[in-house]
Each structure stands twice: as structure tokens, then as C-alpha cells.
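# Inside the fold
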Amino acid sequence: MAFDLPTQIGMDSDHALAAGEVGSDGVAIDSIEAMETLFDGIPLETVSTSMTSNATATIVLCLYVAVATKQGAALGRLAGTVQTAILTE
């Protein structure tokens with residue numbers, strides 16, 4: 001999954017500098033609720049998820065794990081990758 005530029009640099013979607021960029025090249029994630037909405041109906045322990053988030057990789061990974069925990073997923077069954085290539089920004 002790809003995140004929009006504001007999410008990749010840790011900027012909230014409602015920030016003035018995010019105008020015109022929100023959702024333009026990926027999904028906007030500003031909260032745990034946004035991550036829950038993104039994965040609504042998708043049991044995370046049964047899929048492999050690849051996330052390209054760069055600078056905010058640890059934050060989106062934590063949100064992902066939190067959503068999986070709320071789903072009751074066995075965390076040892078989570079699979080996927082997180083890209084943290086900060087120099088691409």
C-alpha cells in the first residue's frame with residue numbers, strides 16, 4: 001500500500017501545507033481510526049501487507065499492529081514489509 005505525501009512526512013491532512021496533496025498519490029492516514037477504516041473487513045493475520053511510508057514507517061507500523069491487535073490477530077502471524085528509504089523523500 002502506498003501513502004500520500006503528507007502521511008509519508010508526518011503531516012496531518014488538515015495542515016495548510018498538505019492542501020492539494022492529500023490522497024493524491026496514496027492513502028492518507030492521520031489516526032488509528034483511518035487505519036481501521038482502511039483495513040475494515042480485512043483480517044490482517046491472513047494477508048501479507050507491503051507498506052511504503054519511508055520517514056513515518058515506524059508510526060504506520062505501530063498503527064498497523066494496533067489495528068491487528070484490535071482485530072484479535074495473533075501478532076506472530078502478521079506478514080509483510082515496511083519500506084524506510086528516507087533518502088527517497
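Preceding this paragraph is the structure being described.
Note that this is a predicted model, so its numbers are computed, not measured.

## Observations concerning the pairing of strand β1 (residues 48-52)
- Along β1, the buried face is formed by Thr-49 and Met-51; none of Ser-48, Ser-50 and Thr-52, which line the opposite face, is buried.
- Pairing geometry for β1 and strand β2 (residues 79-83), over 5 bridges, is parallel. By the bridge assignment for β2, Thr-52 is matched with Gln-83.
- In this fold, β1 hands off to helix α3 (residues 57-71), which returns the chain to β2; that crossover is right-handed.

## Let's talk about α3
- Between its terminal C-alpha atoms α3 stretches 21 Å, which fits the 21 Å expected from 15 residues at 1.5 Å a residue.
- Buried within α3 are the following residues: Ala-57, Val-60, Leu-63, Tyr-64, Val-67 and Ala-68. The buried residues of α3 occupy an angular sector of 135° when projected down its axis, which confines them to one face. Turned more than 90 degrees from where α3 packs its buried face, Thr-58, Ile-59, Cys-62 and Lys-70 sit exposed.
- Of the surrounding elements, those touching the buried residues of α3 are α1 (5-8), α2 (32-38), β1 and β2.

## Regarding the packing of aromatic side chains
- Scanning the model with the defined rule gives 1 aromatic pair in all.
- Seen in terms of ring centroids, Phe-39 and Tyr-64 are 5.5 Å apart; in terms of plane orientation they differ by 80°. Their pairing is edge-to-face. Remark: Tyr-64 occurs in helix α3 and Phe-39 occurs in the loop between α2 and β1; sequence separation between them is 25 residues. One exposure class covers both Phe-39 and Tyr-64, and it is buried.

## A few points about unusual backbone geometry
- The backbone phi angle of Asn-54 is positive, close to 55°, even though this residue is not glycine.
- The exposure class assigned to Asn-54 is buried, which follows from its relative accessible area of 5%.

## Description of the environment of Gln-8
- Within the element layout of this structure, Gln-8 appears in helix α1.
- Residues Gln-8 and Met-51, 43 residues apart in the sequence, show an inter-C-alpha distance of 11 Å.
- At 3.4 Å, the side chain of Gln-8 forms a polar contact with the side chain of Asn-54.

Rules used throughout
- Residues numbered from 1 in each chain as written.
- Predicted model: local features only at pLDDT ≥ 70, side-chain atom pairs only at ≥ 80, totals over all residues.
- Heavy atoms only, no water.
- Buried < 20%, exposed > 50% of the residue type's maximum accessible area, 1.4 Å probe, protein only.
- Helix = DSSP H or I, 4+ residues; strand = E, 2+ residues; numbered from the N terminus.
- Pairing = 2+ DSSP bridges.
- Right-handed = clockwise from strand over helix to strand, strands pointing away.
- Expected span 1.5 Å × (residues − 1).
- Arc of directions from axis to C-beta.
- Contact = heavy atoms within 4.5 Å.
- Phe/Tyr/Trp six-rings, centres within 6.5 Å; stacked < 30°, edge-to-face > 60°.
- Polar contact = N/O pair within 3.5 Å; in protein donor to acceptor, adjacent residues only side chain to side chain.

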